[in-house]
Amino acid sequence: MKLFTNKKRKQVKKNPQIEEQEKKELELYSGETLYTDLQQNLEQIKSTLGNSNDIIIRQFRIGKRWHLDAAIIYTDGMADSDLITNSVMNSFLKESSQKNLDSGIDENTLIEVIKNEVLNLVDIHIANDWKGLYLALLSGDTVVLFNGITQAITADTKGWDARGVEEPTTSTVIRGPKDGFTETFRINTSLIRRRIRSPKLWLEQRKIGEVSQTEIGIMYIKGIANEGVLSELRERLDRINIDLVLESGYIEKFIEDEVYSPFPTIIYSERPDVVVANLVEGRIAIVVDGTPFVLIVPATFSTFFQSPEDYYQRFDFGSFVRLIRYLSFLIALLVPAIYVALTTYHQEMIPTPLLISLAAQREGVPFPAIVETVFMEIIFEILREAGLRMPKAIGNAISIVGALVIGDAAVNAGLVSPAIVIVVALTAISSFVSPAFSMGLAVRLLRFVAILMAGTLGLYGITMFLLLLLLHLCSMRSFGVPYLQGIAPLNMIEQQDIFVRFPLWMMKKRPSLIAQDRIRLGHDQGPQKPSLEKIWNQKGGKDNGDG
Amino acid sequence: MGKVLRPLSIWLICTALLSGCWDRVELTEIAIVIGMGIDKSDREDEPLHLSFQVINAGEVSQGGTSGGGPGSPAAYYEVNARSISEGIRKVSKEVSRTLFFGHTRVLVLGKELARKGINGLMDHFERDYKMRTNFFVLVADGKATDVLKTMSSLEKTPAIFIDRSIVQSERDLGTDYGVKFIDLMQSITSEGMEVVAGGIHVEGDIKAGNSLTNIEQIAPASKFILDNIAVFKNEKLVGFLSPYESRGLAWVKDKVKSTVMNVHCGKDSYVGIEVIRSKTKLKAEVKNNQPKLLIEISQEANISEVMCDLDITKPAVIHELEKKNEEVIEKEINKMIAKVQKKYKTDVIGFGYQVHKADPDYWRKHKHSWREIYVDAPVEVKVKTRIRREGLRNKSYKSDIHKE
């Protein structure tokens, strides 16, 4: 009996007529060719873009006898105006005077000459229709139009003020690289490629968002990434028909497997090293322009508990920290529920001295334990949300209010018992331990379910809750990979990197079902301690030889 | 939707109908019964007199939010009843909360009641799911109510004090041992074993002991003494053993964790031998229709005190001490056996149980007459002591004194 699976996503059937119309609207400019007359083209651009101020049009004449009318158009702020002045304008006004480019010249010859002999820029394309022209223009490229020619040359002059590569704010490490992704697509892909100098690192690019035309890149390592997952991902991405993509979260919502689940099935990361490590394990990264968060698929449960630092520190500590993370996951999920269950149903399970002091604390508290717990948990959630959204300058006020009013005054006023403050504090701290924020969100939601179950059915309710949770987790998949891969179905080799982390030289294989090529290491990679003789004899031999 | 709703509704119905935990009760609604006593009442129609010691949590804990002057850490309630379960419900007339038995530590039986027999009384404690079976059963040499009414310091309530001191004295002194309810039931139901229970009595001014002032003075007016083991025959109390006899029984039952034995080494001077490990093996054999019990004890010990001039660096002296210690223990056990065999005529050591194990045929034939056979059956005690260490010095300082 599958309770929460939602394998078959129902496709809502649209009225075919409306669909057709929508498509038409969205693809308004594709296929429409340019006019031959330059002025007409310029007028068209102006009217299409509503005379927007930031579209700069500069007309000039080129050729030996300055007979050919031309114009460059670019978007101010998105194109590098220095580059345009120094390269584009310079080459047209100086270089073109050497060429015979009078009006009446054959269209293709002209384009060839300009491309090959005049423009001293690297990335040059030809736009044949209005769609390509607008796309290039609005991406920061410079468009060059010539009178009498129905093709436009687009030169890559993208250059705008972007945030530099900085340390990621969401996941910091003590040891490890400190660079993080930025909002610029190209910087992000370069941060990944800088770490993998292999021709096998492939980048597929596409544009999603009919209005926003956002750049999306699929990065994977050919040969390691699973082709099945890859084609499934392509299919899912191609299905997306949306107007705007602001953040990778937009893409995530369309391609994730489990919509009705608190658990994330896609990892996101702000760290290039995380993305690269996952790529080499056979996963696929989706880079979205405009956001520093790169998506990684497929994601399994255990990947949300892995921090890059596990691998940078020594394996014993890495394993210890990882166990702590799983423990704090359970604490954050269950401690308030267990508190409620024990104090309202199973008082005999609490050690006598603790029961006495709990009972003493509860004297005079007017609410049942479950109301008290839910009340405090909600207050904590409010505090956390307020702390996040408030201007930093006022942030301190929140902590004072939280600590004094909630922690101390509520207890003194007899609204809540001191024990519940400890319980809430413990769960709060534990819920921050997860290296993946999205897993922390799942725990925050499920905690309330657990509290309600404990409040109505006691430990029996908690057991039911855990069973359902387990069933749910077992039924989930991320791009065809079981969510609990390695745990259920159990895979002893993958256990090397789930609850603990084995030394790197012992992890010989990449995770199954994710990587195609599973061999990670050569044989006998373990550190080998040479005998003392080996070291001393070499040195000694030299000495002897000299002597 | 049917695909989701059907299993979900099945699950909801199952959780609602199959669960046994609808008895939600808040901590502020329960009164934690920490000690319980049963006495024989003066009335004919209600022969049981039940007493309850209930924790007054607000007073006990430092962290309590309800203030007020110093009150008693425990409250005491009593009621006459025909049965235990009736008594538990009847007492709700006096208490504002539901009695909660999950943390009951001690059950004290009055001497008079125990003499009459405890046979049927224990059923409720086994039957009721609210009861745990790991509390200590004690027999008061007097009234159970007097025990539950006496104040004590150090622990949070008197019942916890009793519970802790049973555990502590079992661990350190070894002269008595705690009998938990579950052990008691085991010996009631097993063949060839009579019941024992821990003994307790209140020494001093019982009236003064009831007041909080009892714990405000350095030497309390009355205090608990847990020294004597109560011996039953046919589930009826027949008497108490003295402290050393109690230890004799503890040796046989393999309950001694650690104790100190005294071996004579001169006039009024002793060598203290600290037993740190002890293992008892009971073995019965039937020869010529004559059952015989062999008690073998092997133990390790340290020397903890030497009051006379003894050269304990010499192995011979150590051997001598070992021998003497064995004799002391053997004597202690034999004294106890003589008492329970000849005086009380009750098989508390589990002789019959061992015979049953050793020779089932013989047992089947003779189990009905076992009580008569037991009285004259021989018991042999063999103790083997090994002294391992002698502490931080070897010879006593007495041997360094060279005064003539």
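Provided above is the structure to which this section pertains.
Note that this is a predicted model, so its numbers are computed, not measured.

**Thoughts on the sheet that holds strand E4 (residues 142–146) of chain A**
Residues and elements named next belong to chain A. Spatially, the five strands line up as an open sheet ordered E1-E2-E4-E5-E3, and their pairing is antiparallel. Each having just a single partner strand, strand E1 (55–62) and strand E3 (124–127) make up the two edges of the open sheet. Put simply, the sheet's adjacent strands are angled 25 degrees from each other on average, direction ignored. Relative to strand E2 (residues 68–75), E1 runs antiparallel, the two being bridged by eight bridges. Paired with Ile-56 across the two strands is Tyr-74, which belongs to E2. Strand contacts of helix H4 (residues 107–118): E1, E2, E3, E4 and strand E5 (152–155), with the helix running at about 160 degrees to E3, the strand carrying the most contacts.

**A closer look at the nonpolar core**
Ranked by size, the top nonpolar core spans 98 residues in total, and within it Ile-192, Phe-263, Phe-301 and Met-439 of chain A together with Ile-162 and Ile-200 of chain B carry the most contacts. Here this core gets 14 residues from one element, more than from any other, and that element is helix H16 (residues 437–475) of chain A. Once residues within four sequence positions are removed from consideration, Ile-162 of chain B is found in contact with Val-106, Leu-138, Val-147, Ile-200, Phe-224 and Leu-226 of chain B. Ranked by size, the runner-up nonpolar core spans 85 residues in total, among them Val-196, Phe-232, Leu-237 and Ile-312 of chain B.

**Structural notes on the side chain of Gln-495 of chain A**
Checked against the element boundaries, Gln-495 of chain A lands in the loop between strand E12 (481–482) and helix H17 (532–546). Not counting the four nearest positions on each side in its chain, Gln-495 of chain A is found in contact with Gly-486, Ile-487, Leu-490 and Val-500 of chain A.

**Things to note about unusual backbone geometry**
Pro-298 of chain A follows Val-297 of chain A through a cis peptide bond whose omega is -15 degrees. Position of Pro-298 of chain A among the secondary structure elements: in the loop between strand E10 (294–297) and helix H10 (308–312). For the bond running from Ala-488 of chain A to Pro-489 of chain A, omega is 5 degrees, close enough to zero to count as cis. For Pro-489 of chain A, the location among the structural elements is in the loop between E12 and H17. A positive phi is found at Asn-234 of chain B, a non-glycine position, where the angle reads about 55 degrees. Along the chain, Asn-234 of chain B turns up in the loop between strand E9 (229–233) and strand E10 (236–240). Positive phi, normally seen in glycine, also occurs at Asp-268 of chain B, with a value near 55 degrees. Relative to the helices and strands, Asp-268 of chain B is located in the loop between strand E11 (259–266) and strand E12 (269–287).

Quick notes on the rules
- Residues numbered from 1 in each chain as written.
- Chains lettered and ligands numbered in written order.
- Predicted model: local features only at pLDDT ≥ 70, side-chain atom pairs only at ≥ 80, totals over all residues.
- Heavy atoms only, no water.
- Pairing = 2+ DSSP bridges.
- Helix = DSSP H or I, 4+ residues; strand = E, 2+ residues; numbered from the N terminus.
- Axes fitted to C-alpha atoms, helices over the stretch in contact; angles between N-to-C directions.
- Contact = heavy atoms within 4.5 Å.
- Core = buried A, V, L, I, M, F, W, Y, C linked by side-chain atoms within 4.5 Å.
- Buried < 20%, exposed > 50% of the residue type's maximum accessible area, 1.4 Å probe, protein only.

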